[in-house]
Amino acid sequence: MTIKILLWCDDLINRMRLESEWKASGATMLKKRGTETPDCIVVDLAVRNACDHITQLRANFPEVDIIVFAPQYDPEAFEAAKQAGATEVAARGSIVERVSRRFPK
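First things first, this report covers the structure right here in the doc. This one's a predicted model, so the numbers in the text were calculated from it and none came from an experiment.

## What to know about the environment of Asn14
And then number 1: Its place among the elements puts Asn14 in helix α1 (residues 12–24).
And then number 2: Asn14 sits 30 residues away from Asp44 along the chain, and the two C-alpha atoms are 9.3 Å apart.
And then number 3: Beyond its immediate sequence surroundings of up to four residues, Asn14 is in contact with Cys9 and Arg92.

Encoded structure:
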């Protein structure tokens, strides 16, 4: 069984790095406009209207964990993300490991 990850990240370099890390560990990366239910959703808070996306993702996938990340600790942005429906927050430097913990052993 592989974990299915839906990633919302507009920064091409970060997206490619994250996808590469998770794919190498056996994850399947889902398309933003796909129809499959992800096991985990990861949102970069640098995405334009990130909290709006989080709200919509929470409505579409009420049982799926949404993990958000930012380049630095930003308590206001993290709190806004949680209010929008995020379940966890993380620094960009720890997001790979934070999501990788969810992979089946």
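## A few points about the nonpolar core
And then number 1: Core analysis: the largest hydrophobic core is formed by 19 residues, its most contacted members being Ile41, Val43, Leu45, Ile54, Leu57, Ile66 and Val68.
And then number 2: Broken down by secondary-structure element, the contributors of at least two residues to this core are β1 (4–8), β3 (40–44), α2 (50–60), β4 (65–70) and α3 (75–84).
And then number 3: Not counting the four nearest positions on each side in its chain, Leu45 is found in contact with Ala50, Ile54, Val68, Phe69, Ala70, Ala77, Phe78 and Ala81.
And then number 4: If you look at the next biggest cluster of nonpolar residues, it comprises 17 residues, including Leu18, Trp22, Met29 and Phe69.

## Focus: the pattern of salt bridges
And then number 1: For the structure shown, the criterion picks out six salt bridges.
And then number 2: Residues Arg102 and Asp65 are paired through a salt bridge, measuring 2.8 Å at the closest nitrogen-oxygen approach. Remark: Asp65 occurs in strand β4 and Arg102 occurs in the segment after α4 (95–100); sequence separation between them is 37 residues.
And then number 3: Overall, Arg102 belongs to the partly exposed group, its relative accessible area being 27%.
And then number 4: Through salt bridges with shared partners, a single network forms among Asp65, Glu88, Arg98 and Arg102.

## A short note on the sheet that holds β4
And then number 1: Strand order in this open sheet of five strands is β2-β1-β3-β4-β5, and the pairing throughout is parallel. Lying at the two open borders of the sheet, with one neighbouring strand each, are β2 (28–30) and β5 (88–91). The average undirected angle you get between the axes of adjacent strands in this sheet is 30°.
And then number 2: In the sheet, β3 pairs with β4 via five bridges, with the strands oriented parallel. Each bridged residue has a counterpart across the sheet, and for Ile41 the counterpart in β4 is Ile66.
And then number 3: Contacting β4 and β5, α3 runs over the sheet at an angle of about 165° to β4.

Calculation criteria
- Residues numbered from 1 in each chain as written.
- Predicted model: local features only at pLDDT ≥ 70, side-chain atom pairs only at ≥ 80, totals over all residues.
- Heavy atoms only, no water.
- Helix = DSSP H or I, 4+ residues; strand = E, 2+ residues; numbered from the N terminus.
- Contact = heavy atoms within 4.5 Å.
- Core = buried A, V, L, I, M, F, W, Y, C linked by side-chain atoms within 4.5 Å.
- Buried < 20%, exposed > 50% of the residue type's maximum accessible area, 1.4 Å probe, protein only.
- Salt bridge = Lys/Arg side-chain N within 4 Å of Asp/Glu carboxyl O.
- Pairing = 2+ DSSP bridges.
- Axes fitted to C-alpha atoms, helices over the stretch in contact; angles between N-to-C directions.

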